[in-house]
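Read off the chains here:
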Amino acid sequence: PAPAGGLAPEVLAAIDILTPNETETAALTGALPRSADDGIAAARALRRRGVATAIVKLGARGVAYGSAEAEGFVPPFKVHAIDSVAAGDCFNGALAHALDRGADLAAAVRYAAAAGALSTTRQGAAAAAPSAEEVARLIAAG
């Protein structure tokens, strides 16, 4: 939701999936999430504002999510980050891919978190996007 400020209630109510980072979450909720509990609270706050599914990206601290069916937290994947420019786009693309393939929300968020983390291990934007095989290997590694 960049830039995230000033989204009207009717706009928030029309959103199926919102994936703000910490700064965007603070602009939308008034609170800067810094922990798993903060992220889950922020996802709940966004859902109370009408967003169907809220996924709060906490960077190197993981990802919190909430919907009518599920709520949870995905711990961060341990990678050596060198450039985060593509992380959000890779996360969102991987999330859409996983959901399209039938993954439930928890599995889709974990897949997206792995893709976003891997993208930070490379310089640039499009060139940083990991392959599905790379994402699967990172998930399998734990």
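In the block above lies the structure referred to throughout.
Each chain has its residues counted from 1, following the order in which its sequence is written. For a predicted model such as this one, the threshold for reporting local features is a pLDDT of at least 70, and the threshold for listing and counting side-chain atom pairs is 80 or more; totals across whole chains, interfaces and linings nevertheless cover every residue. Excluding hydrogens and water, the side-chain figures rest on all heavy atoms present in the structure.

Colleague: Whenever I open this one, the overall build of the protein confuses me. Can you help?
Modeller: In this description a helix means any DSSP run of H or I spanning at least four residues, a strand means any run of E spanning at least two, and both kinds are numbered starting from the N terminus. When you go through the protein residue by residue, the secondary structure sums to six helices and four strands. Helices (α) and strands (β) of the protein occur, in sequence order from the N terminus, as α-β-α-α-β-β-β-α-α-α. Radius of gyration means the value over C-alpha atoms here, while the globule rule gives 2.2 Å times the residue count to the 0.38 power. For 142 residues, the compact-globule estimate of 2.2 N^0.38 gives 14 Å, and the protein sits close to it at 14 Å. Along the first, second and third principal axes, the C-alpha atoms of the protein reach 40 × 30 × 25 Å. Out of the 142 residues belonging to the protein, those deemed buried represent 42%. The classification of residues rests on relative accessible area computed with a 1.4 Å probe and restricted to protein chains. Under 20% of the type maximum is buried, over 50% is exposed, and intermediate values are partly exposed.

Colleague: It is not clear to me how the pattern of salt bridges should be interpreted in this structure. Could you clarify?
Modeller: For salt bridges, the criterion is a side-chain nitrogen of Lys or Arg within 4 Å of an Asp or Glu carboxyl oxygen. One pass over the full model with this rule turns up four salt bridges. The closest approach of N and O atoms between Glu 71 and Arg 44, which form a salt bridge, is 2.5 Å. Of this pair, Glu 71 sits in strand S4 (residues 71–74) while Arg 44 sits in helix H3 (residues 36–48), and the two are 27 residues apart along the sequence. Assessed through its relative accessible area of 42%, Glu 71 is described here as partly exposed. Salt-bridge contacts for Arg 122 lead to Glu 134; the nearest nitrogen and oxygen are separated by 2.4 Å. Of the two residues, Arg 122 sits in the loop between helix H5 (105–119) and helix H6 (132–141) while Glu 134 sits in helix H6, which places them twelve residues apart along the sequence.

Colleague: What is the right way to read the pairing of strand S2 (residues 53–57) from this model?
Modeller: Within a regular strand, side chains alternate between the sheet's two faces. In terms of burial, S2 is largely enclosed, as five of its five residues are buried. Taking every second residue as pointing to the same face, both faces of S2 are buried, with Thr 53, Ile 55 and Lys 57 on one and Ala 54 and Val 56 on the other. Pairs of strands are assigned from DSSP output, requiring at least two bridges between the strands. When S2 meets strand S3 (residues 63–66), the two strands line up antiparallel, connected through four bridges. Bridge pairing in S3 places Ala 54 opposite Gly 66. Linking S2 to S3, which pair antiparallel, is a turn of five residues; within it Gly 59 sits at a positive phi near 60°.

Colleague: Help me out: how do you make sense of the pairing of S4 in this one?
Modeller: Residues Gly 72 and Val 74 point to one face of S4 and are all buried, whereas Glu 71 and Phe 73, pointing to the other face, are not buried. Here S3 runs beside S4; their pairing, made up of four bridges, is antiparallel. Within S4, the residue paired with Val 63 across the bridge is Val 74. The turn joining S3 and S4, which pair antiparallel and follow one another in sequence, is formed by four residues.

Colleague: Would you explain the environment of Gly 93 in this entry?
Modeller: Looking at the secondary structure, you find Gly 93 in helix H4 (residues 87–100). Taking the C-alpha atoms as reference points, Gly 93 and Ala 115, 22 residues apart in sequence, are found 8.8 Å from one another.

Colleague: Which parts of the structure should I look at to understand the nonpolar core?
Modeller: The nonpolar side chains of a soluble globular protein tend to be buried, and buried together. Among buried residues, the Ala, Val, Leu, Ile, Met, Phe, Trp, Tyr and Cys ones that are joined through side-chain atoms within 4.5 Å form a nonpolar core. Grouped together as the largest cluster of nonpolar side chains are 21 residues, with contacts concentrated most on Ile 55, Val 63, Val 74, Phe 77, Phe 91, Leu 95 and Val 109. Where this core is concerned, the elements lending two or more residues are S3, H4, H5 and H6. Here the element with the most residues in this core is H5; it accounts for ten residues. Of all hydrophobic cores here, the second largest spans 13 residues; its members include Ala 42, Val 51, Leu 58 and Ala 64.

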